[in-house]
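Below, each chain spelled out in residue letters.
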Amino acid sequence: MKALVRIALLCVTAPALLAAELSSIETDDLRLLYFDPSETYLTPYVVRSFTNSMEQQRKIFDYEPSEEVSILLTDFTDWGNAGAIAVPRNALLIDVA
């Protein structure tokens, strides 16, 4: 079942992968993956939003992540959506609208 999902995801994303290059920005808490150049303009805002959120979570909940959080920023469709995964790694998937 997982293999079918991966194949379907690859078929959907393959055209975008051919047209753009996957780039990354890393901080102490964050690994941001995005497609350059189409999403480069969003990266400062994503990094700052994540940093602000992490500061508040540390302050309010005394939360300290065990590893850096990975964020995959995509723009493959005309609607936005997001999801979070905790197993096996902390990750956020964000679709740009």
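Only a predicted model underlies this, so the values are computations on that prediction, with no experimental measurement involved. (Residues numbered from 1 in each chain as written. Predicted model: local features only at pLDDT ≥ 70, side-chain atom pairs only at ≥ 80, totals over all residues. Heavy atoms only, no water.)

This next bit is on the environment of Ser-66. Note on placement: Ser-66 falls in the loop between α2 (43-61) and β3 (69-74). A relative accessible area of 75% places Ser-66 in the exposed class. In this structure the C-alpha to C-alpha distance between Ser-66 and Asn-90, which are 24 residues apart in sequence, comes to 9.1 Å. (Helix = DSSP H or I, 4+ residues; strand = E, 2+ residues; numbered from the N terminus. Buried < 20%, exposed > 50% of the residue type's maximum accessible area, 1.4 Å probe, protein only.)

Strand order in the open sheet formed by five strands is β1-β2-β3-β5-β4, with mixed pairing between adjacent strands. The open sheet terminates on both sides in strands that have one partner only, identified here as β1 (21-26) and β4 (81-85). If you compare each strand with its neighbour and ignore which way they point, the axes differ by 15° on average. With four bridges connecting them, strand β2 (residues 30-36) and β3 associate as parallel partners. Looking across to β3, one finds that Leu-30 is bridged to Val-69. Along the sheet, α2 makes contact with β1, β2 and β3, crossing β2 at roughly 160°. (Pairing = 2+ DSSP bridges. Axes fitted to C-alpha atoms, helices over the stretch in contact; angles between N-to-C directions. Contact = heavy atoms within 4.5 Å.)

Moving on to the pairing of β2. As judged from the six bridges shared by β1 and β2, these two strands associate in the antiparallel manner. Within β2, the position partnered with Ser-24 by the bridge is Leu-33. Between the end of β1 and the start of β2, which pair antiparallel, lie three residues. Remark: the β2/α2/β3 crossover connection has left-handed handedness. (Right-handed = clockwise from strand over helix to strand, strands pointing away.)

By volume, the second largest pocket is sized at about 190 Å³. Lining the second largest pocket are Ser-49, Phe-50, Ser-53, Met-54, Gln-57, Tyr-63, Val-69, Ile-85, Asn-90, Ala-91 and Leu-92. Those elements that place two or more of their residues in the lining of the second largest pocket are α2 and β5 (91-95). Broken down by element, the residue count for the lining of the second largest pocket peaks at five residues, all from α2. Residues that form the lining of the second largest pocket fall into these classes: seven nonpolar, four polar and no charged. (1 Å grid on protein atoms, 1.4 Å probe; cavity = no way out; pocket = protein on both sides within 12 Å on 5 of 7 lines; lining within 4 Å. Points joined across faces, edges and corners; volume = space filled by probe spheres on them. Nonpolar A, V, L, I, M, F, W, Y, C, P; charged D, E, K, R; others polar.)

With that settled, the discussion passes to the pattern of salt bridges. A side chain with one charge can pair with a side chain of the opposite charge if their charged atoms come near. Inspection of every chain in the model, using the stated rule, returns four salt bridges. For the salt bridge of Glu-64 with Arg-58, the shortest nitrogen-to-oxygen distance reads 3.0 Å. Linked by salt bridges that have partners in common, Glu-26, Arg-31 and Glu-68 make up one network. (Salt bridge = Lys/Arg side-chain N within 4 Å of Asp/Glu carboxyl O.)

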